[in-house]
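# Reading the structure
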Protein chains: 2
Amino acid sequence: MQSYTEENYLKIIYHLSAVNNPVQTNAIAERMQTKAASVTDMLKKLSEKELVDYVKYQGVTLTEKGKLTAINIVRKHRLWEVFLVEKLNFKWDEVHEVAEELEHIKSTLLVERLDEFLDFPKVDPHGDPIPDQHGNFADLSFIKLSKLKVNEKGTITGVSEHSSPFLKHLEKLGLTLGKKIEVSEIIDFDGSVELLIDSEKLNISREVAKHILISK
Amino acid sequence: MQSYTEENYLKIIYHLSAVNNPVQTNAIAERMQTKAASVTDMLKKLSEKELVDYVKYQGVTLTEKGKLTAINIVRKHRLWEVFLVEKLNFKWDEVHEVAEELEHIKSTLLVERLDEFLDFPKVDPHGDPIPDQHGNFADLSFIKLSKLKVNEKGTITGVSEHSSPFLKHLEKLGLTLGKKIEVSEIIDFDGSVELLIDSEKLNISREVAKHILISK
DNA sequence: TAAAAAATTTAGATTTGTCTAAATATTAAA
DNA sequence: TTTAATATTTAGACAAATCTAAATTTTTTA
Ligand SMILES: [Mn+2]
Ligand SMILES: [Mn+2]
Ligand SMILES: [Mn+2]
Ligand SMILES: [Mn+2]
């Protein structure tokens, strides 16, 4: 059994390793809002428990056991986010903090019943895929909206930035999951993107476009 | 803000003080499954935070602030139990352990939305009253089934023992909340009670009868 | 009311997770 | 390829919550 803290380390290592493997001490420290020295201590402990492979100065990789543990936490996090939005009418920018706490509740029965109650959702309110109880993800293919060319069409199916200000901004612009969009123009001057949504024109910054995920 | 551990102490002091006020160190130690010395340490800390009034060797009492904190945890515990039974099809003997974890989740919005989602329940799956957000309980009056005389009738509205074996036993006997019963005989020999439920006779031990709560 | 028993507190350690400052290793630059 | 910069680890401390063993206080019993 892992502590709350150990679970958070595993989850963060899991997310970071998607970008860069093995994962570096400083990267973990930044995400955990702690100091590198504390991370080193924890890596030794997780290594002792065979949840990570850790080589001094070289970085850390999850073992199979560590990976499954991490994925299970991600599963719980995302299921709770769906619950909060679908059943308790939370906004998509309000769920993350609470899910950070709920993801540590231990009962397996609870998770499986929650999954069933929510009708086995495949994605969370931000379009992130929800792994099944064996840790398998349905593979969804996304493209960044910023990669689309003029006249290309697609549907908003995710976001790669989860901060409340960003999500609220999208909401205000009407850029929510499921919306169909078409790129009508890409402005030379600043790279901003002009979209057609419901036959209305809308200009968004390149920065925003980079964090909107599209499927065709 | 209190730690998970502090919250558990406050909740236990709250429950114990209903039986015996001020609450004694050893009583707390037993309920917390810890040692008296650890309790003394924590009482000093809670006293420091003005959550309890503590006099060395004399025992401890909750302050108004401590009491409200404790009641809020009880509120969350019971709401989550309702959720587990009503929405996730848990049995009444399966909910307590999970609720022990869920009761510490911090979001106020979550609690109020959950309350609404559950349609503002007044009692939990064991018949225990759920306080409102201000800490007020609807006052329900119970009598122990063991206090009823022959020919008296009533409805099962609660239990005063929450262990899984006891609850499963009641379930098997059909003695669930809402059932109407009548005492048809009290056996001299062992004090056991003969009931009429749905015109069927059922004999239960005095020990069981003591933990079933009746309203008329 | 003095001794014995029970309850409680203090003293001193331990574990977990954290920190700062100093030492060491790795990587990048000159 | 030596030096400088960056990344990481070690050493030593600390706060929270716990424990055991010993000391103290309160309560009960004789
Ligand atoms: Mn999230
Ligand atoms: Mn999410
Ligand atoms: Mn309970
Ligand atoms: Mn209950």
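Numbering of residues begins from 1 in every chain and follows the order in which that chain's sequence is written. Whichever chain is written first is A, and whichever ligand is written first is 1; the rest continue in order. Whole-chain, interface and lining totals are the exception, using all residues; otherwise, since this is a predicted model, local features are given only for residues with pLDDT of at least 70 and side-chain atom pairs are given and counted only at 80 or more. Side-chain calculation: all heavy atoms of the structure are included, whereas hydrogens and water are not.

- Per an unreviewed UniProt entry, chain A carries the name Transcriptional regulator MntR and comes from Pedobacter cryotolerans.
- UniProt positions are given in the numbering used here, feature names are shortened, and annotations may be inferred rather than shown by experiment. The record held by UniProt for chain A lists under Sequence similarities (unreviewed entry) the comment "Belongs to the DtxR/MntR family."
- In its Subunit (unreviewed entry) section, UniProt records this for chain A: "Homodimer."

### Observations regarding the coordination of the manganese ion (ligand 3)
Residue and element names in this part refer to chain B.
- In the first shell of the manganese ion (ligand 3), the protein supplies His77 (NE2), Glu81 (OE) and His96 (ND1), at 2.0 to 2.2 Å from the metal.
- In the primary structure, the donors to the manganese ion (ligand 3) are separated according to the pattern H-x3-E-x14-H.
- Each metal site lists N, O and S donors within 2.8 Å (3.2 Å for Na, K and Ca). With water left out of the atoms, a site can look as if it is missing ligands. Separating the manganese ion (ligand 3) from the manganese ion (ligand 4) is a distance of 3.5 Å, and glutamate 81 supplies a donor atom to each of them. Taken together, the residues histidine 77 and glutamate 81, both in helix 4 (residues 64-86) and four residues apart, mark about one turn of the helix.
- With a relative accessible area of 2%, glutamate 81 lands in the buried category. A run of H or I in DSSP counts as a helix once it spans at least four residues, and a run of E counts as a strand once it spans at least two, with each numbered from the N terminus. We call a residue buried when its accessible area falls under 20% of the maximum for its residue type, exposed when it is over 50%, and partly exposed in between, using a 1.4 Å probe and counting protein chains only.

### A closer look at the protein's contact with DNA strand D
- Here a residue counts as near a molecule or strand whenever at least one of its heavy atoms sits within 4 Å of it. Near DNA strand D there are 20 residues, and of these Lys44 and Tyr54 of chain A together with Thr34, Ser38 and Lys45 of chain B occur at the shortest range.
- Put simply, 79% of the atoms of DNA strand D that lie within 4 Å of the protein are in sugar or phosphate.
- Polar contacts here mean pairs of N or O atoms no more than 3.5 Å apart (in protein, one a potential hydrogen donor and the other a potential acceptor; neighbouring residues in sequence count only if both atoms are side-chain atoms). Threonine 25 of chain A places a side-chain nitrogen or oxygen 3.0 Å from a phosphate oxygen of DNA strand D.
- Interatomic distance of 3.0 Å between a backbone N/O atom of tyrosine 57 of chain A and a phosphate oxygen of DNA strand D.
- Mapped by element, the contributors of at least two residues to the surface near DNA strand D are helix 2 (25-32) and helix 3 (36-48) of chain A together with helix 1 (4-17) and helix 3 (36-48) of chain B.
- Residue classes follow a fixed rule: Ala, Val, Leu, Ile, Met, Phe, Trp, Tyr, Cys and Pro count as nonpolar, while Asp, Glu, Lys and Arg count as charged, and any other residue, Gly among them, counts as polar. Grouping the constituent residues of the surface near DNA strand D by class yields seven nonpolar, eight polar and five charged.

### Some points on the packing of helix 1 (residues 4-17) of chain A against helix 4 (residues 64-86) of chain A
Residue and element names in this part refer to chain A.
- Angles shown run from 0 to 180 degrees and are taken between the N-to-C directions of axes, each axis being a line fitted to C-alpha atoms and, for helices, limited to the stretch in contact. Interhelical geometry of helix 1 versus helix 4 gives an angle of 95° and a closest axis separation of 9 Å. Here helix 4 runs roughly perpendicular to helix 1, going by the angle between their axes. In this structure, helix 1 uses Glu7, Leu10, Lys11, Tyr14 and His15 to contact helix 4, whose residues at the interface are Lys67, Thr69, Ala70, Ile71, Ile73, Val74 and Arg78.
- Split into classes, the residues belonging to the contact of helix 1 with helix 4 amount to six nonpolar, two polar and four charged. Convention used here: angles under 35 degrees read as roughly parallel, angles over 145 as roughly antiparallel, angles from 65 to 115 as roughly perpendicular, and any remaining angle as oblique. The contact criterion used is simple: two residues touch if any of their non-hydrogen atoms lie within 4.5 Å.

### Re the coordination of the manganese ion (ligand 4)
- Summarising the metal site, the manganese ion (ligand 4) is bound by the protein donors Glu81 of chain B (OE), Asp124 of chain B (OD) and His126 of chain B (ND1), whose distances to it range over 2.2 to 2.4 Å.
- On the accessibility criterion, histidine 126 of chain B (1% relative accessible area) is buried.

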